[in-house]
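Chain by chain, the residues:
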Amino acid sequence: MQNMKAVILAAGKGTRMKSDLPKVVHTIHGKCLADYVIDAAKGAGAQEICLVVGYKQDVVRSAIAHKDVAYALQPEQLGTGHAVKCAREFLGDTGTTMILFGDTPLITAETLKRLAQYHEEHQDAVTVLSAYIEDPTGYGRIIRDADGNFIKSVEHKDASEEERKSKEINSGMYLFDTKELKAALDMLQPDNAQGEYYLPDTLEIIKAKGLRVDAFRLESAEDISGVNDREQLAQAAEIITRRGM
């Protein structure tokens, strides 16, 4: 894909890890969680990569093995939309922007290539990476119509009882047309249960312009699994060992 950049969200503290270290610098086989994500983004064709940092940013910068990445500072945690806004200067005005998380070491270049291929083939303005999981409690849901067409993505806290029945979750990973992403970021409002700027709200903004918004659903949720605590870190390590990575 021509002119693709990646923004990796890595500003969080990760309190459930019960550690003073920022979550994204915890390691599997001696390699930072964020470095696995950077590898996947590069493998998928991202020419430039920016990490959005916040908590103990100096620790993150020194721990990342890749020294060719850019950094943007998110001084306070005001949601995923706010985090991407903090990288606004990096985005440029053309091409495609991939949004990833620094605590998802199981994401692969192959999966991201498939996402990019789907995005291009369907001429989407934005494509969400999604998957089915048995217990989607707490996750944002993908809502589709009877024919399977994408309607919207809604956060668990803001979802109706009917919407919560959807087992298709929003991974938080996306491909955006950069120009449309920037325009939508400017229109974001924190009118939700958390009072935060949610990146998924950009989907409705873009869709309202008559542009194509879609979700690319994976067969398995393994690749999009995040690491939030020690147990999940151990599970991710087992999967990476199994894969021979």
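As the structure is a prediction and not an experimental result, all values here were calculated from the model.

### Examining helix α6 (residues 178–187)
- Among the residues of α6, T178, E180, L181, K182, A184 and L185 are the ones counted as buried.
- The secondary structure elements touched by the buried residues of α6 are α3 (80–85), α4 (88–91), β6 (96–101), β10 (168–177) and α7 (201–207).
- For α6, the side-chain oxygen to backbone nitrogen distance between the N-cap and K179 is 3.1 Å, and the N-cap itself is D177.

### Notes on the nonpolar core
- If you look at the biggest cluster of nonpolar residues, it comprises 37 residues, and the most contacted ones within it are I49, L51, M98, L100, L112, L129 and I224.
- For this core, the secondary structure elements donating two or more residues are β1 (4–10), α1 (33–43), β4 (48–53), β6, α5 (109–121), β7 (126–132), β10 and β11 (213–218).
- Looking at this core, the element that brings in the most residues is α1, giving five residues.
- If sequence neighbours within four positions are ignored, L112 has contacts with A40, A41, A44, M98, L100 and I107.
- In terms of nonpolar packing, the next biggest core, distinct from the first, is built from 28 residues, A72, V126, A184 and I205 among them.

### Section: the environment of Q123
- As for its position among the elements, Q123 is in the loop between α5 and β7.
- Considered as a pair, Q123 and R212 are 89 residues apart in the sequence and their alpha carbons are 7.3 Å apart.

### What to know about the packing of aromatic side chains
- If you walk through the whole model with that rule in mind, you get two aromatic pairs.
- Taking 5.1 Å as the distance between ring centres and 40° as the angle between the ring planes, the aromatic pair formed by Y118 and F216 counts as tilted. With a gap of 98 residues between them, Y118 in helix α5 and F216 in strand β11 connect regions that are remote in the sequence. Each member of the pair, Y118 together with F216, is buried.
- Between Y174 and F176, the aromatic rings sit 5.4 Å apart at their centres with planes inclined by 40°, giving tilted as the arrangement.

### So, the environment of K56
- Structurally, K56 can be placed in the loop between β4 and α2 (57–63).
- Sequence separation of K56 and E204 is 148 residues, and the distance between their C-alpha atoms is 33 Å.
- Beyond its immediate sequence surroundings of up to four residues, K56 is in contact with D20 and P22.
- Of the polar contacts made by the side chain of K56, one reaches the backbone oxygen of D20; its length is 3.1 Å.

### With respect to the pairing of strand β9 (residues 150–154)
- Note that strand β8 (residues 141–144) and β9 share four bridges and pair antiparallel. Considered in β9, the bridge of I143 is made with K152.
- Hairpin remark: β8 followed by β9, antiparallel, with five residues in the connecting loop; positive phi at G148, about 90°.

Analysis parameters
- Residues numbered from 1 in each chain as written.
- Predicted model: local features only at pLDDT ≥ 70, side-chain atom pairs only at ≥ 80, totals over all residues.
- Heavy atoms only, no water.
- Buried < 20%, exposed > 50% of the residue type's maximum accessible area, 1.4 Å probe, protein only.
- Helix = DSSP H or I, 4+ residues; strand = E, 2+ residues; numbered from the N terminus.
- Contact = heavy atoms within 4.5 Å.
- Polar contact = N/O pair within 3.5 Å; in protein donor to acceptor, adjacent residues only side chain to side chain.
- Core = buried A, V, L, I, M, F, W, Y, C linked by side-chain atoms within 4.5 Å.
- Phe/Tyr/Trp six-rings, centres within 6.5 Å; stacked < 30°, edge-to-face > 60°.
- Pairing = 2+ DSSP bridges.

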